[in-house]
Amino acid sequence: MTRFKRSRQRDRILSLLHSTKSHPTAAWIYESLKPEMPDLSLGTVYRNLKILELQGKLQVLHSGSGFDRFDGDTRPHYHLICTRCGAVEDVDLPVQSELEQKAKALLGRPVSGHRLDFFGLCSTCFNKSLDKV
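1. Some thoughts on the packing of helix α1 (residues 8-18) against helix α3 (residues 42-54)
As a packed pair, α1 and α3 sit with axes 10 Å apart at the nearest point and diverge in direction by 75°. Relative to α3, the element α1 lies roughly perpendicular. Contacts from Gln-9, Arg-10, Ile-13, Leu-14 and Leu-17 of α1 reach α3 at Thr-44, Val-45, Asn-48, Leu-49, Ile-51 and Leu-52. Among the residues forming the contact of α1 with α3, the class breakdown is seven nonpolar, three polar and one charged.

2. Section: the nonpolar core
With 16 residues, the main nonpolar core has Ile-13, Ile-29, Val-45, Leu-49 and Phe-70 as its most contacted residues. Excluding residues within four positions of it along the chain, Leu-49 makes contact with Ile-13, Leu-17, Ala-26, Ile-29, Leu-58 and Phe-70.

3. So, the packing of aromatic side chains
This model, assessed by the stated rule, comprises one aromatic pair. Note on Tyr-78 and Phe-118: the rings are 6.1 Å apart at their centroids and 85° apart in plane angle, and the pair reads as edge-to-face. One end of the pair, Tyr-78, is in strand β3 (residues 78-82); the other, Phe-118, is in strand β5 (residues 117-120), and 40 residues separate them in sequence.

Calculation notes
Here the residue numbers are simple positions, counted from 1 along each chain's written sequence. For this predicted model, a pLDDT threshold of at least 70 governs which residues receive local features, and a threshold of 80 or more governs which side-chain atom pairs are given and counted, while totals over whole chains, interfaces and linings are taken from all residues. Think of the side-chain values as coming from all heavy atoms in the structure, minus any hydrogens and water. A fitted line through C-alpha atoms serves as each axis, taken over the contacting stretch for helices, and the angle formed by two N-to-C directions is quoted from 0 to 180°. Numbering of helices and strands starts at the N terminus; helices are DSSP runs of H or I of at least 4 residues and strands are runs of E of at least 2. Note on terminology: angles under 35 degrees are roughly parallel, angles over 145 are roughly antiparallel, angles of 65 to 115 are roughly perpendicular, and the others are oblique. Residue contacts follow a heavy-atom distance rule, with two residues in contact if any of their heavy atoms lie within 4.5 Å. Ten residue types, Ala, Val, Leu, Ile, Met, Phe, Trp, Tyr, Cys and Pro, are classed as nonpolar, four, Asp, Glu, Lys and Arg, as charged, and the remainder, Gly among them, as polar. For this analysis, a nonpolar core means a set of buried residues of the types Ala, Val, Leu, Ile, Met, Phe, Trp, Tyr and Cys, connected via side-chain atoms within 4.5 Å. Using a 1.4 Å probe on the protein chains alone, a residue whose accessible area is under 20% of its type maximum counts as buried, one over 50% counts as exposed, and one in between counts as partly exposed. Between the rings of Phe, Tyr and Trp (Trp by its six-membered ring), a pair exists once the centres lie within 6.5 Å; its type follows the angle of the planes, with under 30 degrees stacked, over 60 edge-to-face, and the other angles tilted.

Written out as structure tokens, the structure is:
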């Protein structure tokens, strides 16, 4: 693994990711840290997120919407993506490792992991829909 010199900006980005369950975008991270780090650029945020990904200190959630989201929780786990607002929530469900064995048997080659996303309403949108009933 490539070694990277420690940086205060990277430390703050990771600390921010560990402090939230919102699975933020790079833009949200930038806007959150800009007041305390006036010299911070969005490019710096992206570069440091890539380094943290390479170091295995965060997960990148590629949603296909054009805006990746970032998760400071690196343990294998599932997510729910809100079909109304796009928010991402953790799903506290044990990871089904037997799916990897089934895929390996079907494909006839090794499978190194899997990602499973659920789609539906996040807790906020769900509660708003109850208020309208």
